[in-house]
Amino acid sequence: MLKRYLLIILLIPFFVYSQGNYEMKGKYFSKKKYEEKSLPEWSKVKDKLPFPIYDENELFVKCYWKAWELAFKNFYEPCNGSGFVSQFIDAAFNQNIFLWDTGFMTMFCNFAYGLVPGIESLDNFYCKQHETGEICREIDRKTGEDFKEWVNRENKPLFSRWGWDGQFKNEPVKYIGRDLPSPNPKLTLDALNNPILAWAELESYKITGNKERLRLVYKPLKMYYLALKKYLMQGNGLFVTDWASMDNSPRNKYLKNGGTGIDISSEMVLFAENLLEIAKLHNYKSDYKIYLNDIKSISKQINLLCWDEESKFYYDLNLEGKRVPVKTIAAYWTLLAKVPDKNRANFLISYLNDSSKFGTNNPVPTCSKDEEGYDSTGGYWRGAIWAPTNTMVIRGLEKYGYDDLAREIAIKHLTLVAKVFENTGTIWENYEPENIAPGKINGKNVKSDFVGWSGLAPILYFIEYVLGIKANAPKNEILWEINSSQKIGCKNFRFNNQVLDLLCDSEYKGKRLISVNAQSPLKLKVKYNKKLYEFSINKGTNIYQLD
């Protein structure tokens, strides 16, 4: 009797699979199990983290350390039975992990790679990928299951569970000019937004130089890209979105039932560009044509349909193909994806300096100041200042050579975060666009202790735009732009499998001395007083004089 009982249990998976109800998740990702190790502890790891030296502003340094302290409260091991395969940083929002939150959080965790869970946090999304290629943007931290409301349990064509206004409406996506995708998706539209994983992987590669990781994640990324193409592409060649891209944005009502977003469409161009870069690194030549064709065709449609020549701005499209009459920060994804030509980019960028539009006291608001839906207290996605969207804008500006403006926006945002930290003792989910204050929604402050993606400013912006240290691990090169006359630098800077110290002493008789203590050779470029110096750094201590 016992043997028969055991046989039945063993055969259950076979019978379930044969009925078409069983799915093996994570089939494209070779990492299958979690190898146990100690979770990093703040008290033990703090002295190993990058140690900033910045005599000019002690508040920036204090805010930097506060951000790391909060981050250490959000590092987790996989729960038993979750099926997660890596330690991870949590979004600091609720009991779930979030795909685009995590993608952005890896960008500051990169500076402590090898010490804290950073880019490997994304492993827990790859290992939960559906056979269709879909990845749910929100997964329960304890069970490892997709957030239940984003599962297409009805097996219907693509629809949004919460509709375009964030309510439970189960509204369908209407495809115009193309057939319904088959089979039906595993997830709802609410789950399929902001595909930034490949961008996050390449941001990590710039610091770690870990080319093999890109090989590990390429297949999951490719299948995810193809799934989004299959289910989100509208008949006009652009991509549908709903409330989940920007929860309560005033644009959302216009996107109902299949309108196409300028953000998701540009993100798909960016995704294709990133996949092409990874494919070239590993010589996956058979895939080049896929991405090249998509980059060209999607960019062409964005420029043809979303650009308004009169206002010189990019807009979303409603289901009928008319431009949505709301200017939002979504348009700036076009810069990161290199969609506009230089002329259009210049017009778009001019809005960032216009105090009546996106040039608010604290840049960059998620909704233009001259829009009816703009909220001067933030109102979440009605004008609030968010670290992830600012990061997107900053990186996009750099693509077009606007490095000075990128640095200016980064430092303004860091200054805002630091001043609010000084006033409140913590870091917030988002911030007001006009005042030195946490963002508000319905008159109440947003979430505090939010690291979370708000760690981007105190850590990434501080290191790259104030200390001025930018890594390029594939070239084994560091660019150091020194913009302070006082002592500045960073100890324990982790880069391309080594840890080094960089220090520039305060000015003495018109001369500056820089010292670099390295574990292995590298190239160092230093920008100072409008001059560019190039040094070949050897193992050990290297000392140079700047004019």
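Look up: the structure comes first, before these words.
A.B. asks: Hey, could you go over the overall build of the protein for me, with residue numbers and the actual values?
C.D. replies: When helices and strands are counted, the protein shows 14 helices and 19 strands. Here the protein has a C-alpha radius of gyration of 24 Å; the compact-globule value for 547 residues is 24 Å, and the two agree. Overall, the C-alpha framework of the protein stretches about 85 × 70 × 50 Å when taken along its three principal axes. A total accessible area of about 22,800 Å² is found for the protein, and carbon and sulfur atoms account for 49% of it.

A.B. asks: Outline the side chain of Asp242, supporting the account with residue identities and numerical values.
C.D. replies: When you line up the elements, Asp242 lands in the loop between helix H7 (211-232) and helix H8 (262-281). One buried charged side chain, Asp242, makes no salt bridge at all; its nearest oppositely charged neighbour is Arg137, positioned 6.6 Å away. Here Ser160 takes part through its side chain, which lies 2.7 Å from a polar atom of the side chain of Asp242.

A.B. asks: Talk me through the layout of surface pockets; I want residue IDs and the actual numbers.
C.D. replies: Looking at the largest pocket, its volume works out to about 1,000 Å³. Lining the largest pocket we find 32 residues, and of these Glu203, Lys206, Arg395, Glu398 and Lys470 sit closest to its centre. Those elements giving two or more residues to the lining of the largest pocket turn out to be helix H6 (197-208), H8, helix H12 (387-399), helix H13 (403-424), helix H14 (456-466), strand S12 (469-472), strand S13 (477-481) and strand S17 (522-528). For the lining of the largest pocket, the element with the most residues is H6, which contributes five residues. Class assignment for the residues of the lining of the largest pocket results in 10 nonpolar, four polar and 18 charged. One number sums up the size of the second largest pocket: a volume of about 710 Å³. Lining the second largest pocket are 34 residues, and of these Trp243, Asp247, Asn248, Tyr380 and Trp381 sit closest to its centre. Considering only residue class, the lining of the second largest pocket consists of 16 nonpolar, seven polar and 11 charged.

A.B. asks: Could you give me a rundown of the nonpolar core, with the residues and numbers involved?
C.D. replies: Formed by 179 residues in total, the largest nonpolar core has its most connected members in Trp68, Phe108, Tyr332 and Phe493. Beyond its immediate stretch of four places on either side in the chain, Tyr332 contacts Phe313, Leu348, Tyr351, Leu352, Phe358, Met392 and Val393.

A.B. asks: So what about the pairing of strand S14 (residues 488-495)? Which residues, and what values?
C.D. replies: For a regular strand, the rule is simple: side chains alternate between the two faces of the sheet. Of all the eight residues making up S14, six are buried; the element is thus mostly covered by neighbouring parts of the structure. Looking at chain direction, S14 and strand S15 (residues 498-504) are connected through six bridges and run antiparallel. Note that in S15 the partner of Arg494 across the bridge is Val499. Linking two consecutive strands that pair antiparallel, namely S14 and S15, is a turn of two residues; a positive phi of about 50 degrees is found at Asn496 within it.

A.B. asks: Describe the packing of helix H4 (residues 99-109) against H6, with residues and values.
C.D. replies: Think of two packed helices as two axes; the pair is described by the angle between the axes and how far apart they sit. Across the interface, H4 lies against H6 with an axial gap of 9 Å and an inter-helix angle of 15 degrees. Viewed along their axes, H4 and H6 adopt a mutual orientation that is roughly parallel. Along this stretch, H4 crosses H6, giving a crossing that reads as left-handed. In this structure, H4 contributes Leu99, Gly103, Phe104, Thr106 and Met107 to the contact, and H6 contributes Leu197, Trp199, Ala200 and Glu203. Taken together, the residues that form the contact of H4 with H6 break down as six nonpolar, two polar and one charged.

A.B. asks: Quick one: what's the story with unusual backbone geometry, residue by residue and with numbers?
C.D. replies: In this structure, the amide linkage connecting Ser182 to the following residue, Pro183, adopts the cis form with an omega of 0 degrees. Looking at the element boundaries, Pro183 is found in the loop between strand S7 (171-172) and H6. Of note, the phi angle at Asn476 is positive, near 50 degrees, even though the residue is not glycine. On the secondary structure map, Asn476 appears in the loop between S12 and S13.

A.B. asks: Could you give me a rundown of the sheet that holds strand S18 (residues 531-537), with the residues and numbers involved?
C.D. replies: Spatially, four strands are ordered S12-S13-S17-S18 in an open sheet, and the strand pairing comes out mixed. Looking at strand neighbours, the two that pair on one side only are S12 and S18, the edges of this open sheet. Within the sheet, the average angular offset between the axes of one strand and its neighbour, ignoring direction, is 20 degrees. Pairing analysis gives four bridges linking S12 to S13, with the strands arranged antiparallel. Note that in S13 the partner of Ala471 across the bridge is Ile478.

Thresholds, definitions, all that
- Residues numbered from 1 in each chain as written.
- Predicted model: local features only at pLDDT ≥ 70, side-chain atom pairs only at ≥ 80, totals over all residues.
- Heavy atoms only, no water.
- Helix = DSSP H or I, 4+ residues; strand = E, 2+ residues; numbered from the N terminus.
- Rg over C-alpha atoms; globule rule 2.2 N^0.38 Å.
- Areas by Shrake-Rupley, 256 points an atom, 1.4 Å probe, with all protein chains shown as cover.
- Buried < 20%, exposed > 50% of the residue type's maximum accessible area, 1.4 Å probe, protein only.
- Lys, Arg positive; Asp, Glu negative; His and termini not counted.
- Salt bridge = Lys/Arg side-chain N within 4 Å of Asp/Glu carboxyl O.
- Polar contact = N/O pair within 3.5 Å; in protein donor to acceptor, adjacent residues only side chain to side chain.
- 1 Å grid on protein atoms, 1.4 Å probe; cavity = no way out; pocket = protein on both sides within 12 Å on 5 of 7 lines; lining within 4 Å.
- Points joined across faces, edges and corners; volume = space filled by probe spheres on them.
- Nonpolar A, V, L, I, M, F, W, Y, C, P; charged D, E, K, R; others polar.
- Core = buried A, V, L, I, M, F, W, Y, C linked by side-chain atoms within 4.5 Å.
- Contact = heavy atoms within 4.5 Å.
- Pairing = 2+ DSSP bridges.
- Axes fitted to C-alpha atoms, helices over the stretch in contact; angles between N-to-C directions.
- Parallel < 35°, antiparallel > 145°, perpendicular 65-115°, else oblique.
- Left-handed = near helix turned anticlockwise from the far one by under 90°.

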